[in-house]
Amino acid sequence: MLSRSFYARDSEIVARELLGKILVRKIGNKIFKSKIVETEAYYGTEDPASRACKGGDLRKVMKNRAGTMLVYGIHNNWLINFITGKKGIAEAVLLRALEPLNFSERCKGPGLLCKALKINKDFHKKDICKCKELWVENIKNKEKFEIKSSHRIGVSSDLSKKLRFFIKENEFISR
DNA sequence: CATATGATGGACT
DNA sequence: GTCCATCATATGG
C-alpha cells in the first residue's frame, strides 16, 4: 500500500505517478485488482474547471490531509478523487480509467469505474491509507510505458495546463 | 418541498 | 467530434 507521503505532493505529480499503479477493491472475501491508466489533476480554489473553486463541501474536503478520498456525485454517476498536496491546500486527483486485471467490468470512464468497483458515497472522506476495502499498491515488476497528457475532459473552462494524464496506447482509456 | 445543475456515458455523424 | 437522457446533490422557500 502506498504511504501517505506519496499523496502529499503536488497533484500533477501524484496524477502522473499514479499511472500504472494497482488499485485494489475488496468486496466481502473477493479481491478485484485493476491498473490505473488515466487520471486528471484538480486545483480546487484557483481552478475554473473544479467545482471546489465555488466553495462549499467539496472545497472543504479537498483541504483535508492527503490520502483522503472524495466521492463526488454527478449526473447518475459517482466520481472518485484522492486528496493530494498539503493540508489546507485544495488539491485532488481524479481517477478516470482503469484496466481490469482479474475481472471484466468496463472501466473506461470515471463513472463506469465507480460502478464496476461499487464505489459510492460510503467512501466519501475515508482514508485511502487506512481503508480495508479500497487501496492502491505499488507495481511489482516495473513495466515500461509512455505517459501522455492532454486537456481535461468535460469541463467548460479550463486552465492552460495539460492536467489529464494517461498511458500511451492503452486500450482502456476513455474516448 | 421545488428546481437548477453538471469533473457522464452511450449513441450517432 | 455532437447530442441528450437522467438523477444525486445543493440551495432556496
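Keep in mind that what you see is a predicted model, and the values were worked out from it rather than measured.

1. Some words on the state of the cysteines
Phase 1: Counted by the stated rule, this structure contains zero disulfides.
Phase 2: Free cysteine: Cys 131, not disulfide-bonded; nearest cysteine sulfur from Cys 129 at 10 Å.
Phase 3: The exposure class of Cys 131 is buried, given its relative accessible area of 8%.

2. Structural notes on the pattern of salt bridges
Phase 1: One pass over the structure, following the stated rule, counts 13 salt bridges.
Phase 2: Connected through salt bridges with shared partners, the residues Glu 38, Glu 40, Arg 96 and Arg 164 form a single ionic network.

3. Description of the protein's contact with DNA strand B
Phase 1: In the vicinity of DNA strand B, 20 residues are found, and the nearest of them are Arg 51, Tyr 72, His 75, Asn 81 and Gly 111.
Phase 2: Taken together, the sugar and phosphate atoms account for 53% of what DNA strand B places within 4 Å of the protein.
Phase 3: Between DNA strand B and the protein, one listed contact pairs a base nitrogen with a side-chain N or O atom of Asn 81 at 2.5 Å.
Phase 4: Gly 154 has a polar backbone atom sitting 3.4 Å from a phosphate oxygen of DNA strand B.
Phase 5: Where the surface near DNA strand B is concerned, the elements lending two or more residues are strand 3 (69-74), strand 4 (77-83), strand 5 (91-100) and helix 4 (110-116).
Phase 6: For the surface near DNA strand B, a count of residues per class yields eight nonpolar, seven polar and five charged.

4. Side note on the side chain of Ser 174
Phase 1: Residue position: Ser 174 is located in the segment after strand 8 (164-167).
Phase 2: Side chain to side chain, Ser 174 and Arg 96 meet in a polar contact 3.4 Å long.
Phase 3: Excluding residues that lie within four positions of it along the chain, Ser 174 makes contacts with Glu 38, Arg 96, Ala 97, Lys 108, Gly 109 and Arg 164.

5. Notes on the environment of Leu 19
Phase 1: Note on placement: Leu 19 falls in the loop between helix 2 (11-18) and strand 1 (22-27).
Phase 2: Between the C-alpha atoms of Leu 19 and Phe 165, which are 146 residues apart in sequence, the distance is 7.9 Å.
Phase 3: Once residues within four sequence positions are removed from consideration, Leu 19 is found in contact with Ile 36, Val 37, Glu 38, Thr 39, Phe 145, Ile 147, Phe 165, Phe 166 and Ile 167.

6. Comments concerning the protein's contact with DNA strand C
Phase 1: The immediate surroundings of DNA strand C are formed by His 75, Asn 76, Trp 78 and Lys 121.
Phase 2: A distance of 2.9 Å separates a base oxygen of DNA strand C from a polar atom in the backbone of His 75.
Phase 3: Residues belonging to the surface near DNA strand C are distributed by class as follows: one nonpolar, two polar and one charged.

7. What to know about the packing of aromatic side chains
Phase 1: Taken as a whole and assessed by the stated rule, the structure comprises three aromatic pairs.
Phase 2: With 6.0 Å between their ring centres and 75° between their planes, Tyr 7 and Phe 82 make a pair best called edge-to-face. Of this pair, Tyr 7 sits in helix 1 (residues 4-7) while Phe 82 is found in strand 4, placing the two residues 75 residues apart along the sequence. The residues Tyr 7 and Phe 82 share a single accessibility class, namely buried.
Phase 3: Through successive ring pairs, a cluster of aromatic residues spans Phe 6, Tyr 7 and Phe 82.
Phase 4: The cationic tip of Lys 126 hangs over the ring face of Phe 123; the distance from NZ or CZ to the ring centre is 5.9 Å.

Procedures and definitions
- Residues numbered from 1 in each chain as written.
- Chains lettered and ligands numbered in written order.
- Predicted model: local features only at pLDDT ≥ 70, side-chain atom pairs only at ≥ 80, totals over all residues.
- Heavy atoms only, no water.
- Disulfide = S-S within 2.5 Å.
- Buried < 20%, exposed > 50% of the residue type's maximum accessible area, 1.4 Å probe, protein only.
- Salt bridge = Lys/Arg side-chain N within 4 Å of Asp/Glu carboxyl O.
- Near = heavy atom within 4 Å.
- Polar contact = N/O pair within 3.5 Å; in protein donor to acceptor, adjacent residues only side chain to side chain.
- Helix = DSSP H or I, 4+ residues; strand = E, 2+ residues; numbered from the N terminus.
- Nonpolar A, V, L, I, M, F, W, Y, C, P; charged D, E, K, R; others polar.
- Contact = heavy atoms within 4.5 Å.
- Phe/Tyr/Trp six-rings, centres within 6.5 Å; stacked < 30°, edge-to-face > 60°.
- Lys NZ or Arg CZ within 6 Å of the ring centre and 35° of its normal.

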